[in-house]
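# Structural description and commentary
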Amino acid sequence: MTQERARALRLVVIAYLVASAVGAVFLVIAPGGPLLKAFIADVAATVVIFIYSRIYSNSSFYDPYWSVIPPLLAIYWMLAAGAVDVRGWLAFILVCFWAIRLTGNWTTYWTGLDHEDWRYPMVRGTYPKFALISDFAGIHMFPTIQVFLGCLPLYAAITYGSGGLIWLDYIAAAAMFSAVMIELIADIQLHRFLKERKQGEFIHSGLWAWSRHPNYFGEVLFWWGLMLFGLAAYPSGWWWLISGALAMTLMFVFASIPMMDKRNCERRPGYAEFMREVPMLVPRPPK
């Protein structure tokens, strides 16, 4: 690890410690119950990370927030609930498993302050006069709200319901574990390919031969699995428990994947033909 990259990672750690401290203060002073308090603290911590992003002109400061915040929310809700049953603990363990893998992947491959996700300049450049607002709302606050919605079933699994597991919990656990493993295998295959890739080549082997975006499929599957845990605990609240997983799916299908496919078509000869043969998200044998 170079000194510059080590320095950048230290800055990120400091930023998240400061954000955590600010969030903890708001957990104490914010009005309402555990759900509202957690949301207000989440927003306050996001503002801190946004400030760091602007100070260092790199919005990738926010990248690990996606995976860091769900375990912290879970810990607060578990403390607020007092007693947590086996469903809540199982959901928490699987969320931590997902978070460790995703955060570790980012930490391993983020090269430092010289690197920023290629989509962020596109978001800021859509309306240059409002770049600051686009950065705050589109890159920082929108994902924070989206992930918080995705964590509502985690709150339900921790707070509501009692007794043993039901059949829906086992499906939820299998879906979440499978999702993390799919993401792990897809990332390993991708990074091995990138080490030997020649200009213009794109990965079309392993899981990537069955889905153009198996890592995104794993992410979508994870949030739907978590939703099932919430549904098992609080079935009458399905209408708000489904909001996060649905929002995640819509984001990947109508924003992230089209942006990635368009970029690959522009940079990778033959990718348009690959798109016609391999499904966008859900894996299946290619045509």
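This write-up is about the structure you can find in this document.

Basis of the calculations
Residues numbered from 1 in each chain as written. Predicted model: local features only at pLDDT ≥ 70, side-chain atom pairs only at ≥ 80, totals over all residues. Heavy atoms only, no water. Helix = DSSP H or I, 4+ residues; strand = E, 2+ residues; numbered from the N terminus. Rg over C-alpha atoms; globule rule 2.2 N^0.38 Å. Buried < 20%, exposed > 50% of the residue type's maximum accessible area, 1.4 Å probe, protein only. Contact = heavy atoms within 4.5 Å. Areas by Shrake-Rupley, 256 points an atom, 1.4 Å probe, with all protein chains shown as cover. Lys, Arg positive; Asp, Glu negative; His and termini not counted. Charge placed at Lys NZ, Arg CZ, Asp CG, Glu CD. 1 Å grid on protein atoms, 1.4 Å probe; cavity = no way out; pocket = protein on both sides within 12 Å on 5 of 7 lines; lining within 4 Å. Points joined across faces, edges and corners; volume = space filled by probe spheres on them. Nonpolar A, V, L, I, M, F, W, Y, C, P; charged D, E, K, R; others polar. Disulfide = S-S within 2.5 Å. Phe/Tyr/Trp six-rings, centres within 6.5 Å; stacked < 30°, edge-to-face > 60°. Lys NZ or Arg CZ within 6 Å of the ring centre and 35° of its normal. Salt bridge = Lys/Arg side-chain N within 4 Å of Asp/Glu carboxyl O. Axes fitted to C-alpha atoms, helices over the stretch in contact; angles between N-to-C directions. Parallel < 35°, antiparallel > 145°, perpendicular 65-115°, else oblique. Left-handed = near helix turned anticlockwise from the far one by under 90°. Core = buried A, V, L, I, M, F, W, Y, C linked by side-chain atoms within 4.5 Å. Expected span 1.5 Å × (residues − 1). Patch = residues over 30% accessible without salt bridge, like charges linked within 9 Å, V, L, I, M, F, W, Y side chains within 5 Å.

## Side note on the overall build of the chain
- The secondary structure content of the chain amounts to 12 helices and 0 strands.
- In terms of C-alpha radius of gyration, the chain reaches 20 Å, essentially the compact-globule figure of 19 Å for 287 residues.
- Across the 287 residues of the chain, 49% fall into the buried class.
- The long-range share in the chain, meaning contacts at least 24 apart out of those at least 6 apart in sequence, stands at 80%.
- Accessible area for the chain stands at about 14100 Å²; split by element, carbon and sulfur atoms hold 70% of it.
- Side chains of the chain carry 22 positive and 18 negative charges; the gap between the two charge centres is 3 Å.

## As for the layout of surface pockets
- Within this model, the second largest pocket holds a volume of roughly 330 Å³.
- Lining the second largest pocket are 18 residues, and of these S20, G23, L27, I69 and L72 sit closest to its centre.
- Listing elements by their share of the lining of the second largest pocket, those giving two or more residues are α1 (3-29), α2 (34-55) and α3 (65-81).
- Residue classes in the lining of the second largest pocket are distributed as 15 nonpolar, 2 polar and 1 charged.

## Topic: the state of the cysteines
- The tally for this structure, following the rule as stated, stands at 0 disulfides.
- Free of any disulfide, C96 has its nearest neighbouring cysteine sulfur in C151, separated by 11 Å.

## Examining the packing of aromatic side chains
- Counted according to the given criterion, the structure contains 22 aromatic pairs.
- Feature note: the residues F39, W77, F148, Y155, Y160, Y234 and W240 constitute an aromatic cluster, connected by ring pairs.
- Here R263 stacks its cationic end above the ring of W118, 4.4 Å away from the centre of that ring.

## Digging into the pattern of salt bridges
- Within the structure shown, the criterion is met by 9 salt bridges.
- Residue R87 pairs with D85 through a salt bridge whose shortest N-O separation is 4.0 Å. There is no split in this pair, since R87 and D85 are both buried.
- Among the ionic contacts, a cluster of salt bridges with common partners joins R54, E116, R124 and D135.

## Side note on the packing of α3 against helix α7 (residues 152-159)
- For the pair α3 and α7, interaxial distance at closest approach is 10 Å and the crossing angle is 25 degrees. Classified by the interaxial angle, the pair formed by α3 and α7 is roughly parallel. As α3 packs across α7, the resulting crossing turns out to be right-handed. Residue-level inspection shows P70, A74, W77, M78 and A81 of α3 in contact with α7, the latter providing L154, Y155 and I158.
- Among the residues forming the contact of α3 with α7, the class breakdown is 8 nonpolar, no polar and no charged.

## Remarks on the nonpolar core
- Core analysis: the biggest nonpolar cluster contains 67 residues, and I49, W66, W77, W98, F222, W223 and F229 have the highest contact counts within it.
- Considering each element in turn, this core owes the most residues, 10 residues, to helix α9 (residues 214-233).
- Setting aside residues no more than four positions away along its own chain, W98 makes contact with W66, S67, P70, V180, E183, E219, F222 and W223.

## Describing α1
- Relative to the 39 Å expected for 27 residues at 1.5 Å per residue, α1 spans 39 Å between its end C-alpha atoms, a close match to the ideal helical length.
- The set of residues buried in α1 consists of R5, A6, A8, L9, L11, V12, A15, Y16, A19 and G23.
- Buried positions along α1 lie against α2, α3 and α4 (86-109).

## Concerning a nonpolar patch on the surface
- On the surface, V25, V28 and I29 cluster together into a nonpolar patch covering about 300 Å² of accessible area.
- By secondary structure assignment, the location of V28 is in helix α1.

## Concerning unusual backbone geometry
- Positive phi, close to 50 degrees, is recorded for S57, a residue that is not glycine.
- Of the residues examined, S57 reaches a relative accessible area of 54% and is grouped as exposed.

## As for α2
- A rise of 1.5 Å per residue sets the reference length of α2, with its 22 residues, at 32 Å; its end C-alpha atoms lie 32 Å apart and thus fit the reference within 8%.
- When we look at burial in α2, the residues that qualify are K37, A38, A41, D42, A44, A45, T46, V48, I49, F50, Y52 and S53.
- Against α1, α3 and α6 (131-150) lie the buried residues of α2.
- At the exit of α2 stands S57, carrying a positive phi of roughly 50 degrees.

Purely spatial values, then, with no claim about function.
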